[in-house]
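Chains, contacts and geometry: an overview
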Amino acid sequence: WAVADAIREGRVVDRLVQLELTHTTPGLSIPSPTSVGDLPNAIEESAPSKKELSCLDLLAQFSPISTSQQMAGHDGSRWVFRRIGYTEQRNPAHVCLILASPTGEVIDSFQCDSLDPTSEELLMGLVECCSKRGDRRPRLVGIDERACQERISFLFREYASEALQETTDIYFYNPPSQEETIPAVAEENAEDHNLLGRIRRLF
C-alpha cells in the first residue's frame, strides 16, 4: 500500500533521465571541463616582480636542449627541482637540487631562504643552471612545491615569450612519500651515479 500511495502522489520516478551526450536530445548533460581560472576559489596571481621578469627574459635567450618529440624528457631534457628534505631536521640548509632525467644526476644545487622555495629562487636557480650547462634550457621542468609550480606556470603562460612557452613546459613533480627520501634513493643507486656522495658534499 505504501508503494501504491507513493505512485498516486507522484513520488515514484518510473524513468531516470538518461545521461545524454553533447549535441543529442536534452537530458543530464556532461559538464565541460572547468579551467583553474574559472574556479570560485582560484588564487589570483599578483603581477610579476622585476626579478621574475628578468629571469624570463634570460631564459628566452637560452636555446632549448635539442631533442626529438618522442625523446623529450628521457634524454636529459627534463630537469627536476627537488628539495633534499621537507622538514627543518632533514633539510636545515634549505637545499634544493636540480636533477636531470632519467639518470637522476645532480646537475646543480642552491639554497633557499626557507623550506618552501619561492618562484624567484627557482627561476634564478634555473637561469644559473642553464648558463652552466652550455646556455641550454630544459624542455620540461618539474617542481616539487605546488604553489611555486603554479606561480611559475602562470608567469610562463602570461609573461614569457612565445618561443619560451612553446619549448619549455612547467609541471608539478610529486614530493617523495614519507618512506622515500633522496638519500634513500641515492644509496640504492650509488653505484650508478654517485648521487649519495654528491648530496653529502652539500653539507
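These lines cover the structure that appears in this document, whether it is placed above or below. Values in this document were obtained by computation on a predicted structure and should not be read as measured data. (Residues numbered from 1 in each chain as written. Predicted model: local features only at pLDDT ≥ 70, side-chain atom pairs only at ≥ 80, totals over all residues. Heavy atoms only, no water.)

1. Some thoughts on the packing of aromatic side chains
Each aromatic ring pair is summarised here by two numbers: the centre-to-centre distance and the angle between the ring planes. Put simply, the rule reads: Paired rings are identified among Phe, Tyr and Trp, the last through its six-membered ring, by centres lying within 6.5 Å, and are further divided according to the angle between planes into stacked (under 30 degrees), edge-to-face (over 60) and tilted (the rest). Any residue under 20% of the maximum accessible area for its type is buried, any over 50% is exposed, and the rest in between are partly exposed; the area is computed with a 1.4 Å probe on protein chains only. We count a charge as sitting over a ring when the NZ of a lysine or the CZ of an arginine lies within 6 Å of the ring centre and within 35 degrees of the ring normal.
Under the criterion given, the structure shown has two aromatic pairs. Arranged with centres 5.9 Å apart and planes meeting at 75 degrees, the rings of Phe154 and Tyr159 form a pair that is edge-to-face. In this structure Phe154 comes out as buried when scored by relative accessible area, which is 13%. Its relative accessible area of 39% is what places Tyr159 among the partly exposed residues. The ring centre of Phe172 lies 3.8 Å from the NZ or CZ of Arg146, which sits over that ring.

2. Digging into the side chain of Ser101
Note the threshold: Secondary structure counts use DSSP, requiring at least four H or I residues in a row for a helix and at least two E residues in a row for a strand, with both numbered from the N terminus. Side-chain atoms alone can form a polar contact between residues adjacent in sequence; in general such a contact is a pair of N or O atoms within 3.5 Å, and within protein one must be able to donate a hydrogen while the other accepts it.
Inspection of the secondary structure assignment puts Ser101 in strand β3 (residues 95–101). Looking at Ser101, the relative accessible area reads 8%, which means it is buried. At a separation of 2.8 Å, a polar atom in the side chain of Ser101 contacts the side chain of Arg78.

3. Things to note about the nonpolar core
Defined as follows: Residues grouped as a nonpolar core are buried Ala, Val, Leu, Ile, Met, Phe, Trp, Tyr and Cys residues, joined through side-chain atoms within 4.5 Å. The contact rule is simple, with two residues in contact once any of their heavy atoms fall within 4.5 Å.
Counting 29 residues, the largest nonpolar core has Leu59, Trp79, Phe81, Ile152 and Phe156 as the members making the most contacts within it. With six residues, the top contributor of residues to this core is helix α3 (residues 119–132). Those residues in contact with Phe156, other than ones at most four positions away along the chain, are Leu56, Leu59, Leu123, Leu164, Gln165, Thr168 and Ile170. Among the nonpolar cores identified, the runner-up in size contains five residues, and Ile84, Val95, Leu97 and Val106 belong to it.

4. Observations regarding the pattern of salt bridges
Side chains that differ in sign of charge can pair as their charged atoms come close. Selection rule: Put simply, a salt bridge is a Lys or Arg side-chain nitrogen that is within 4 Å of an Asp or Glu carboxyl oxygen.
Taken as a whole, this structure holds six salt bridges when the rule is applied. Salt-bridge contacts for Arg157 lead to Glu158; the nearest nitrogen and oxygen are separated by 3.6 Å. Given a relative accessible area of 47%, Glu158 falls into the partly exposed group. Each of Glu45, Glu52 and Arg151 takes part in one network of salt bridges that share partners.

5. Section: unusual backbone geometry
In this structure, Pro102 follows Ser101 across a cis peptide bond, with omega equal to 10 degrees. Relative to the helices and strands, Pro102 is located in the loop between β3 and β4 (105–111). Within the chain, His94 stands out as a residue other than glycine whose phi angle is a positive 55 degrees. Within the secondary structure, His94 is located in the loop between β2 (78–83) and β3. Take His94: its relative accessible area is 12%, and that puts it in the buried class. Even without a glycine there, the phi angle at Asp135 is positive, about 55 degrees. Looking at the element boundaries, Asp135 is found in the loop between α3 and β5 (136–137). Overall, Asp135 belongs to the partly exposed group, its relative accessible area being 39%.

6. Comments concerning helix α2 (residues 50–61)
Heads up, the condition is: Helix span is expected to be 1.5 Å times the residue number reduced by one. Working definition: the arc comes from the directions between the helix axis and the C-beta atoms, pointing outward to the latter.
Taking 1.5 Å of rise per residue, twelve residues should cover 16 Å, and α2 covers 17 Å from first to last C-alpha, within 8% of that figure. Regarding α2, the residues found buried are Glu52, Cys55, Leu56 and Leu59. Projected down its long axis, α2 shows its buried positions confined to an angular sector of 100 degrees, all on one face. Facing away from the buried surface of α2 by more than 90 degrees, the exposed residues are Lys50, Asp57 and Gln61. Looking at the buried residues of α2, the elements they touch are α3, β5, α4 (146–159) and α5 (162–167).

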